[in-house]
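# Architecture and fold: a report
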Amino acid sequence: RCESGSRCQPFNGVKTPPDDQSLMIKNDEYVKITGLLSAGQIQEGAEAIECAKGTLPLPVLLECMGNLHFYKRELQQAINKYEEAMHADANYDSARYHYLVAVQKEREGDLVEAFKRYQSAIEIEPTFVDAYVELGGLLAKIEDFEGALTCYTDALKLDPKDLRNFANKAEVLREIGRASCRER
């Protein structure tokens with residue numbers, strides 16, 4: 001059921017050019033849908049996507065559908081939707097797409113490309129906490145503990161209830177303390 005109580009309008013496939021006001025609505029809808037999905041409210045997020053089909057620009061709708069797959073851990077389907085979104089509009093980009101590529105690059109040992117992709121994810125969507133956490137992990141792996149500390153601190157600002165981020169930050173602070181003791 002749509003928030004307004006009205007029935008969802010079916011998507012008619014017509015893409016209208018966004019104006020400033022529709023961009024604001026798009027962002028609000030995107031944030032709402034992604035917030036539901038990231039909170040584990042998958043069914044509610046899927047329903048919100050259905051309700052937004054008539055109002056969201058095609059790339060945003062496709063990204064929301066990708067986010068649905070992302071949070072259901074259907075990663076290949078997510079990647080497919082993100083690529084569709086980016087193909088629908090050459091200027092459109094997806095944070096979670098870059099995040100998924102970064103994770104893969106890090107697994108392959110291409111840490112420079114992984115770093116760039118995590119950074120891209122953060123630039124595209126500064127509230128996407130997972131990118132900060134993974135970038136922090138990568139930086140800790142290469143012993144850039146100050147950089148990792150910044151990432152975990154930012155992650156805690158975005159998600160202060162996630163105990164893993166506290167543990168990550170505490171471990172990085174211990175490493176910084178050990179390094180400081182070694183320098184003496």
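Residues numbered from 1 in each chain as written. Predicted model: local features only at pLDDT ≥ 70, side-chain atom pairs only at ≥ 80, totals over all residues. Heavy atoms only, no water.

## A few points about the packing of helix H6 (residues 111-124) against helix H7 (residues 129-141)
Remark: H6 packs on H7, axes separated minimally by 9 Å, with the N-to-C direction vectors making an angle of 155°. The orientation of H6 relative to H7 falls into the category roughly antiparallel. Regarding H6 and H7, the two cross each other, and that crossing is left-handed. Residue-level contacts link Leu-111, Ala-114, Phe-115, Tyr-118, Gln-119, Ala-121 and Ile-122 of H6 to Ala-131, Tyr-132, Glu-134, Leu-135, Leu-138 and Leu-139 of H7. (Axes fitted to C-alpha atoms, helices over the stretch in contact; angles between N-to-C directions. Helix = DSSP H or I, 4+ residues; strand = E, 2+ residues; numbered from the N terminus. Parallel < 35°, antiparallel > 145°, perpendicular 65-115°, else oblique. Left-handed = near helix turned anticlockwise from the far one by under 90°. Contact = heavy atoms within 4.5 Å.)

## Comments concerning helix H3 (residues 58-71)
The end-to-end C-alpha distance of H3, which contains 14 residues, comes to 20 Å, matching closely the 20 Å that a straight helix rising 1.5 Å per residue would cover. Turning to H3, its buried residues number three or more, namely Pro-59, Val-60, Leu-61, Leu-62, Glu-63, Cys-64, Gly-66, Asn-67, Leu-68, His-69, Phe-70 and Tyr-71. Count one or two residues on from H3 and you reach Arg-73, which has phi positive near 65°. (Expected span 1.5 Å × (residues − 1). Buried < 20%, exposed > 50% of the residue type's maximum accessible area, 1.4 Å probe, protein only.)

## Looking at the pattern of salt bridges
A full pass over the atoms with the stated rule returns eleven salt bridges. A salt bridge links Glu-171 to Arg-174, with the shortest nitrogen-to-oxygen separation between them at 2.9 Å. Here the residue Glu-171 and the residue Arg-174 both occupy positions in helix H9 (residues 163-183), the gap between them amounting to three residues, near one helical turn. Residue class for Arg-174 comes out partly exposed when judged on its relative accessible area of 43%. Glu-171 is the partner of Arg-178 in a salt bridge, and the nearest nitrogen-oxygen pair spans 3.7 Å. Overall, the relative accessible area of 32% leaves Glu-171 in the partly exposed class. Where salt bridges share partners, they join Glu-171, Arg-174, Glu-175 and Arg-178 into one cluster. (Salt bridge = Lys/Arg side-chain N within 4 Å of Asp/Glu carboxyl O.)

## So, the packing of aromatic side chains
Scanning the model with the defined rule gives five aromatic pairs in all. Both rings, one in Phe-70 and one in Phe-128, keep their centres 6.0 Å apart while their planes meet at 70°; by these two values the pair is edge-to-face. With Phe-70 in helix H3 and Phe-128 in the loop between H6 and H7, this residue pair connects regions lying 58 residues apart in the sequence. Comparing Phe-70 with Phe-128, the two get one shared label, buried. Relative to Phe-128, the ring of Tyr-99 lies with its centre 5.2 Å away and its plane at 75°, an arrangement referred to as edge-to-face. With Tyr-99 in helix H5 (residues 95-108) and Phe-128 in the loop between H6 and H7, the pair connects residues that are 29 residues apart, well separated along the chain. In textbook terms, an aromatic cluster arises when at least three aromatic residues are bridged by ring pairs, as seen for Phe-70, Tyr-71, Tyr-99, Tyr-118 and Phe-128. Across from the ring centre of Phe-70, 5.9 Å away, lies the NZ or CZ of Arg-96, which sits over that ring. (Phe/Tyr/Trp six-rings, centres within 6.5 Å; stacked < 30°, edge-to-face > 60°. Lys NZ or Arg CZ within 6 Å of the ring centre and 35° of its normal.)

Limitation: the analysis is restricted to geometry and does not speak to function.
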